[in-house]
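Single-letter residue listing:
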Amino acid sequence: MIGKASVRGAALLAVAALALAGCGDSGSDNSGGGGSTALEGRGPIKFATGKDTSGNMQKLVDQWNSEHPDEKVTITELPESADDQRDAMVRNAQAKSNEFTILNLDVVWTAEFAANRWVMELPQDQFDLENFLEPAVNTAKYRDKLYAVPVYSDGGLLYYRKDLLEAAGVTSAPKTWAEMQEACAKVKANPANASLGCYAGQFEKYEGLTVNFSEAVQSAGGSILDDSGKPTVDTPEAKEGLNFLVNGVKDGMIPPAAVTYKEEEGRRAFQDGQLIFHRQWPYQYAKANATDGSSQVAGKFDIAPIPGKDGPGASTLGGHNFAISAFADNKATALDFIKFFTSEETQRSNLLATSQAGTRTKLYDDPELVKQFPYLTTLKEAIGAAVPRPQAVKYGDVTAAIQEAVYGAMNGETSTDDALKDLQSKLESLTAQ
Ligand code: GLC
C-alpha cells in the first residue's frame, strides 16, 4: 500500500510537472498513459466503485450490458470505506493504468482528481445540468469546468424510533441536541429500553468522521473554513461542535461501539433495534424498512432534519459523481454509460429500488415518489442548505488531519482545545497558497 506521504509527494510532483509543461488550465490536453486524449473509442469498459451497499448497481449495469453487447461494463468493487476507495483510485491514476475506465468519485475528490489531470474534462453541453440540483453540480466542477456528472446526492438525516418516542410521550422529533438527549432519557426510563444506545453516526476514523465532525461544527454555528477559504476550527463554535461528540461518548449518549461504526455497522445496529437515534444517509431508508425479516424496525421509524445546538442543524453535502479516467480506453463508451446512469429514467428506477437519492430536481417534486419516500422533502431542504466540505486539491491530507484530531478527542487521547488548536495549524498549512 502506498503511504499518504508518497501519495502527496507524487501528487505535488504531478502538479509541478504540469506547471512546467505549461499545461495550465487549458483542459483539452488530458494526456495520459494508456488512454487517448479525446473522448473516443468504443468497447468494453471497467467501472470502479465503492462497495455496492444498495444491491441495485449490478442490475443497472446488466440492463446496460444487454442493450450494448459490444460495450459491456464490468464492475470493479472497491472497499466500503471512502478513504480506501480513494487510495485505490489514486494508485491507479499514479500508475497511469487503464484498469479503471469510470470512477465513482466522492463529491469531495473532484478538485484533486481534476487538478492532477487524472480525470477527463467532460463536455457540459452534452448534459442537461440545469435539471440537476445545483449544489451537486458544483461538486462536479473544478475552476468552472466539468470533470464528472452527479449521480447520487447525499444529505445527513436523523433517523429516529417514532414508536419508542411516542410510547415515552415524545410527540415530535428533537430539533436540538438537548431535546434529543431529553427524548433519550424518557425512552430509556422504561427498563425494557435501558440497554438501547441513544445516538450514533459515522465515528470510525475515516471520511464519515470528517462528515460528522463538520455537521457538528456547522450545527453549532461554526465552520471548517470561512468564505475566503481560511480555516476556522479554533473557535468557540467549533469547540461546542466537537464537544457534542466528545461529551456524547463520555456521558454515554453515544454508545461505546459507535466509535467503530462506518455507515454499514451503524445501519445494522439501527435495523437490529439497538439505537434510538441515528445520523445516516438516505440509502438506509429502504433497507431499514425492508419487510423480509432483515430489519426489526420496519415501519417503526421516521426521519427528520439533523438537530443542532440551538435549533435544526446543518448537514454536510455528500454524494457521488461519475468521472472518466484520463488513462482509460474506450472513453466514448464511458461517456454514454454516464449519460445512461444519470438519465431521468435510470435515476427514477434506482430511487424506487434503493431509496438512494438522485441528483435530478424533478425526482424531489414528483408526488408519487414523495408519497413513497416522504424523506425526499426533508432531504431536498437538507441538500439545499448543506455545507460542502473543503474543496481542496490536497483533500486527502485535509481529511486525514480532521480525522486524526476528532478521533483522538472522542477517544479521550487529546483535549478538545488541544485537538482543535493543532487541527487549525495543520489546516492553515494545508490550505496555504
Ligand atoms: C457517503 C457520501 C459521501 C461521504 C461518505 C462518507 O458515501 O455520499 O459524500 O464522503 O458517505 O462515508
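### Here's the deal with the overall build of the protein chain
Part 1 of the argument: Secondary structure summary: the protein chain contains 18 helices and 11 strands in total.
Part 2 of the argument: Scaling as 2.2 N^0.38, a compact globule of 433 residues should have a C-alpha radius of gyration of about 22 Å, and the protein chain matches this with 22 Å.
Part 3 of the argument: Put simply, the protein chain has 433 residues, and 56% of those count as buried.
Part 4 of the argument: Restricting the contact set of the protein chain to residue pairs at least 6 apart, pairs at least 24 apart contribute 75%.
Part 5 of the argument: Surface summary for the protein chain: the accessible area is close to 17400 Å², and the carbon and sulfur share equals 50%.
Part 6 of the argument: For the protein chain, the centre of its 41 positive side-chain charges and the centre of its 58 negative side-chain charges are spaced 2 Å apart.

### Side note on the packing of aromatic side chains
Part 1 of the argument: Per the stated rule, a full pass over the model turns up 22 aromatic pairs.
Part 2 of the argument: Each ring, one from Phe 322 and one from Phe 341, has its centre 5.0 Å from the other, and the planes form 50°; the classification is tilted. One end of the pair, Phe 322, is in strand β11 (residues 317-324); the other, Phe 341, is in helix α12 (residues 331-341), and 19 residues separate them in sequence. As far as burial versus exposure is concerned, Phe 322 and Phe 341 are alike and both buried.
Part 3 of the argument: Following the ring pairs from residue to residue traces out a cluster consisting of Phe 47, Trp 64, Tyr 152, Phe 322, Phe 337, Phe 340 and Phe 341.
Part 4 of the argument: In this structure, Arg 279 is placed above the aromatic ring of Trp 281, and the distance from its NZ or CZ to the ring centre is 4.1 Å.

### Notes on the site of the ligand
Part 1 of the argument: With respect to spatial proximity, the complete set of residues near the ligand consists of Asp 106, Val 107, Asp 154, Tyr 206, Glu 207, Gly 208, Glu 263, Trp 281, Gly 318, Gly 319, His 320 and Arg 389.
Part 2 of the argument: Asp 106 has a polar side-chain atom sitting 2.5 Å from an oxygen atom of the ligand.
Part 3 of the argument: A distance of 2.8 Å is found between an oxygen atom of the ligand and a backbone nitrogen or oxygen belonging to Gly 319.
Part 4 of the argument: Compared with its free state, where it exposes 310 Å², the ligand has 92% of that area covered by protein.
Part 5 of the argument: Elements supplying a minimum of two residues to the shell around the ligand: α8 (207-218) and β11.

### Thoughts on the environment of Ala 194
Part 1 of the argument: Inspection of the secondary structure assignment puts Ala 194 in the loop between α7 (177-188) and β8 (197-200).
Part 2 of the argument: Along the backbone, Ala 194 and Gly 50 are 144 residues apart, and their C-alpha atoms lie at a distance of 36 Å.

### Structural notes on unusual backbone geometry
Part 1 of the argument: Positive phi is not limited to glycine here, since Arg 117 has a value of about 60°.
Part 2 of the argument: Despite not being glycine, Asn 330 shows a phi value in the positive range, around 55°.
Part 3 of the argument: Summarising the element assignment, Asn 330 is placed in the loop between β11 and α12.
Part 4 of the argument: In this structure Asn 330 comes out as buried when scored by relative accessible area, which is 16%.

### Some words on the domain arrangement of the protein chain
Part 1 of the argument: By domain assignment, the protein chain separates into domain 1 (2-154 + 317-385) and domain 2 (157-315 + 392-430).
Part 2 of the argument: Look at where the C-alpha atoms of domain 1 and domain 2 centre, and you get two points 27 Å apart.
Part 3 of the argument: With 32 residues of domain 1 at the contact, the number on the domain 2 side is 25 residues.
Part 4 of the argument: Between domain 1 and domain 2 the total buried area reaches about 2300 Å² when both faces are included, carbon and sulfur atoms providing 65% of it.
Part 5 of the argument: For the pair domain 1 and domain 2, the interface holds 0 salt bridges.
Part 6 of the argument: At the boundary of domain 1 and domain 2, one finds 6 residue pairs in polar contact (both at pLDDT 80 or more).
Part 7 of the argument: Put simply, the parts of the chain that give the side of domain 1 that touches domain 2 at least two residues each are α1 (4-20), α3 (82-94), α4 (110-115), β6 (149-155), β11 and α16 (375-385).
Part 8 of the argument: Class assignment for the residues of the side of domain 1 that touches domain 2 results in 14 nonpolar, 10 polar and 8 charged.

### A short note on the sheet that holds β8
Part 1 of the argument: As summarised here, the arrangement of the 4 strands in space is β8-β9-β7-β10, forming an open sheet in which the pairing is mixed. Each edge of the sheet is formed by a strand with only one pairing partner; in this case those strands are β8 and β10 (301-305). Geometrically, the sheet is characterised by an average inter-axis angle of 15° between neighbouring strands, direction not taken into account.
Part 2 of the argument: Inspection of the sheet shows strand β7 (residues 157-161) paired to strand β9 (residues 275-280) by 4 bridges, in the antiparallel sense. Residue pairing for β9: Leu 157 is matched across the bridge by Gln 280.
Part 3 of the argument: Sitting on the sheet, helix α10 (residues 263-271) is in contact with β7, β9 and β10, with an inclination near 150° to β9.

### Some details on the nonpolar core
Part 1 of the argument: With 74 residues, the main nonpolar core has Tyr 199, Phe 213, Phe 277, Tyr 375 and Met 410 as its most contacted residues.
Part 2 of the argument: Mapping this core onto the domain boundaries places at least three of its residues in each of domain 1 (2-154 + 317-385) and domain 2 (157-315 + 392-430).
Part 3 of the argument: Those residues in contact with Phe 213 that sit more than four places away from it in its chain are Ile 224, Val 233, Leu 242, Leu 245, Ile 402, Val 406, Leu 420 and Leu 423.

### Thoughts on the sheet that holds strand β3 (residues 102-106)
Part 1 of the argument: On the basis of which strands lie adjacent, the open sheet formed by 5 strands has the order β2-β1-β3-β11-β6 and mixed pairing. The outermost strands of the open sheet, each flanked by one partner alone, are β2 (73-77) and β6. Direction aside, neighbouring strands of the sheet carry axes that sit 20° apart on average.
Part 2 of the argument: One ladder, built from 5 bridges, connects strand β1 (residues 45-49) with β2; its direction is parallel.

Calculation criteria
Residues numbered from 1 in each chain as written. Predicted model: local features only at pLDDT ≥ 70, side-chain atom pairs only at ≥ 80, totals over all residues. Heavy atoms only, no water. Helix = DSSP H or I, 4+ residues; strand = E, 2+ residues; numbered from the N terminus. Rg over C-alpha atoms; globule rule 2.2 N^0.38 Å. Buried < 20%, exposed > 50% of the residue type's maximum accessible area, 1.4 Å probe, protein only. Contact = heavy atoms within 4.5 Å. Areas by Shrake-Rupley, 256 points an atom, 1.4 Å probe, with all protein chains shown as cover. Lys, Arg positive; Asp, Glu negative; His and termini not counted. Charge placed at Lys NZ, Arg CZ, Asp CG, Glu CD. Phe/Tyr/Trp six-rings, centres within 6.5 Å; stacked < 30°, edge-to-face > 60°. Lys NZ or Arg CZ within 6 Å of the ring centre and 35° of its normal. Near = heavy atom within 4 Å. Polar contact = N/O pair within 3.5 Å; in protein donor to acceptor, adjacent residues only side chain to side chain. Domains from an automatic or database assignment. Buried area = accessible area lost by both parts, 1.4 Å probe. Salt bridge = Lys/Arg side-chain N within 4 Å of Asp/Glu carboxyl O. Nonpolar A, V, L, I, M, F, W, Y, C, P; charged D, E, K, R; others polar. Pairing = 2+ DSSP bridges. Axes fitted to C-alpha atoms, helices over the stretch in contact; angles between N-to-C directions. Core = buried A, V, L, I, M, F, W, Y, C linked by side-chain atoms within 4.5 Å.

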